[in-house]
Amino acid sequence: LVWEISCEIGKMAEYVAKPGKLRLKGEKKPKKKKSHKRRHDSDAEDAGKDVEGEVLHDVWRRIRNIVDVKGPISLVSRTGAYIAAQDDGFFVEGVPGESEKRPPNEAEEFLGYTVGEEKVALKSGYGKYICTSSSGEVVGRSDAIGTREMWDPIFQDGLIALEGSNRRYMVVGESGKLMSTSEKVSDDAKFTLRTSKSKFKKAKTEVEQEYGKKLSTLELEYVNRFQSFQDHHVIVTQRSRDELRHSRDSGKLHEGLLDRREKMKSDRYCK
């Protein structure tokens, strides 16, 4: 009898309920949260540094292909210096290594645009598109995108080289001024291009939106933006839009709009 009682007690011990929260039938088992270890002070100091060459200051991501050349971007030389715009239209190299210490300021920010499938355009913080002058200097004085404002990007190993309309590559000259004079992709012609725009967003750029609008609507917007109104009337040229349509198809929409604006005497921005 004693042996039977001890056996029964042993069996009951196997069915002792484990302590824990009461769960009803059909209730899902909660997922375990992963524990996050506190970052060390050395990690906190490196929070703004380039992690595997991709992101700086949490948002400035390295551009590796042409589809990402849109929105706010920064241009960094091989010394880690920002390329900054000046009020005289020229561009200069900043302090070496400054790009790893802080994000770019307004003079060091550009707006990137893709033109077609192979070209890009850059607008400075002064609202002017950059191009190559006849002397090979990179200047930002254009109001619209024409042939001279288009650049041919070459991407390799996370770096970019920009070939201008004069068939020369952009480099930092001996004086620190941005030039378009290199016949080959030298080390000085290799830059890092970064964007603060999320790669998951696919919003259309300003240029892409313009190319998708009706020509009549687009021309009216340009007239409202630049025309000096006389007697509070909007004056639009009556010339045929066939030439403008051809300009759009050939990737020279802004150049065509400028040509039509030059015919308007009330346009204070065109000579």
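Residues numbered from 1 in each chain as written. Predicted model: local features only at pLDDT ≥ 70, side-chain atom pairs only at ≥ 80, totals over all residues. Heavy atoms only, no water.

### Brief notes about the overall build of the chain
In terms of regular secondary structure, the chain is built from six helices and 14 strands. Within the chain, the fraction of its 271 residues that count as buried is 38%. Once local pairs closer than 6 in sequence are excluded, the contacts in the chain between residues at least 24 apart make up 52%. Accessible surface, the chain as shown: approximately 18,000 Å² in total, 51% of it carbon and sulfur. (Helix = DSSP H or I, 4+ residues; strand = E, 2+ residues; numbered from the N terminus. Buried < 20%, exposed > 50% of the residue type's maximum accessible area, 1.4 Å probe, protein only. Contact = heavy atoms within 4.5 Å. Areas by Shrake-Rupley, 256 points an atom, 1.4 Å probe, with all protein chains shown as cover.)

### Structural notes on the packing of aromatic side chains
Applying the stated rule across the entire model yields two aromatic pairs. Both rings, one in Tyr113 and one in Tyr129, keep their centres 5.8 Å apart while their planes meet at 55 degrees; by these two values the pair is tilted. Taken together, the positions of Tyr113 in strand β6 (residues 109–115) and Tyr129 in strand β8 (residues 129–132) put the pair 16 residues apart, joining distant regions of the chain. Here Lys177 stacks its cationic end above the ring of Phe90, 4.3 Å away from the centre of that ring. (Phe/Tyr/Trp six-rings, centres within 6.5 Å; stacked < 30°, edge-to-face > 60°. Lys NZ or Arg CZ within 6 Å of the ring centre and 35° of its normal.)

### Topic: the nonpolar core
Counting 21 residues, the largest nonpolar core has Ile83, Phe91, Phe110, Ile130, Met170, Leu178 and Phe191 as the members making the most contacts within it. Going through the elements one at a time, β3 (71–76), β4 (83–85), β7 (119–123), β11 (159–163) and β12 (169–172) are the ones with two or more residues in this core. Once residues within four sequence positions are removed from consideration, Phe110 is found in contact with Gly71, Pro72, Ile73, Leu75, Ile83, Phe91, Leu122, Lys123, Ser124 and Ile130. Counting six residues, the second-largest nonpolar core is a separate cluster that includes Tyr113, Ala121, Ile145 and Met150. (Core = buried A, V, L, I, M, F, W, Y, C linked by side-chain atoms within 4.5 Å.)

### Thoughts on unusual backbone geometry
Glycine aside, negative phi is the norm for most residues, and most peptide bonds take the trans geometry. The phi angle at Asp157 is positive, at roughly 55 degrees, despite the residue not being glycine. Position of Asp157 relative to the elements: it lies in the loop between β10 (152–156) and β11. Residues other than glycine seldom take positive phi values, yet Arg167 does so here, at roughly 65 degrees. Along the chain, Arg167 turns up in the loop between β11 and β12.

### A few points about the side chain of Thr192
Mapped onto the fold, Thr192 is located in strand β14 (residues 192–195). On the accessibility criterion, Thr192 (11% relative accessible area) is buried. Not counting the four nearest positions on each side in its chain, Thr192 is found in contact with Arg62, Ser74, Leu75, Val76 and Leu159.

### Points about the pattern of salt bridges
Scanning the entire structure with this criterion turns up nine salt bridges. Two residues, Asp188 and Arg78, come together in a salt bridge whose shortest N-O distance is 2.5 Å. Of this pair, Asp188 sits in the loop between β13 (178–182) and β14 while Arg78 sits in the loop between β3 and β4; the two residues are 110 residues apart in sequence, bridging distant segments of the chain. Owing to a relative accessible area of 36%, Asp188 belongs among the partly exposed residues under this scheme. Looking at Arg78, the relative accessible area reads 56%, which means it is exposed. In this structure, the salt-bridge partner of Arg102 is Glu108, at a minimum N-O distance of 2.9 Å. Taking the relative accessible area as the measure of exposure, Arg102 reaches 25% and is therefore partly exposed. The exposure class of Glu108 is buried, given its relative accessible area of 7%. (Salt bridge = Lys/Arg side-chain N within 4 Å of Asp/Glu carboxyl O.)

### A few points about the confidence of the model for the chain
The predicted model of the chain averages 75 in pLDDT, with 59% of residues at 70 or higher. Confidence drops under pLDDT 50 across residues 13–17; counting only partners more than four residues distant or on other chains, this segment forms zero contacts. Taken together, the stretch residues 33–51 has pLDDT below 50 and engages in twelve contacts with residues farther than four places along the chain or on a different chain. (pLDDT = per-residue confidence, 0-100.)

### Some details on the environment of Val67
On the secondary structure map, Val67 appears in the loop between β2 (60–62) and β3. Among the residues examined, Val67 registers a relative accessible area of 53% and is labelled exposed. Along the backbone, Val67 and Thr114 are 47 residues apart, and their C-alpha atoms lie at a distance of 7.1 Å.

### Observations regarding the pairing of β14
Side chains Thr192 and Arg194 of β14 all project onto a buried face; the interleaved residues Leu193 and Thr195 project onto the opposite face, where all are buried too. Sheet topology places β2 next to β14; two bridges connect them, and they run antiparallel. Bridge pairing in β14 links Arg62 to Arg194. (Pairing = 2+ DSSP bridges.)

### Comments concerning the environment of Glu137
Tracing the backbone shows Glu137 in the loop between β8 and β9 (138–142). Once the C-alpha coordinates of Glu137 and Gly173 are considered, the two residues, 36 residues apart in sequence, prove to be 9.3 Å apart. Setting aside residues up to four positions removed in sequence, Glu137 forms contacts with Phe90, Cys131, Thr132, Lys177, Leu178 and Met179. At 3.4 Å, the side chain of Glu137 forms a polar contact with the side chain of Ser135. (Polar contact = N/O pair within 3.5 Å; in protein donor to acceptor, adjacent residues only side chain to side chain.)

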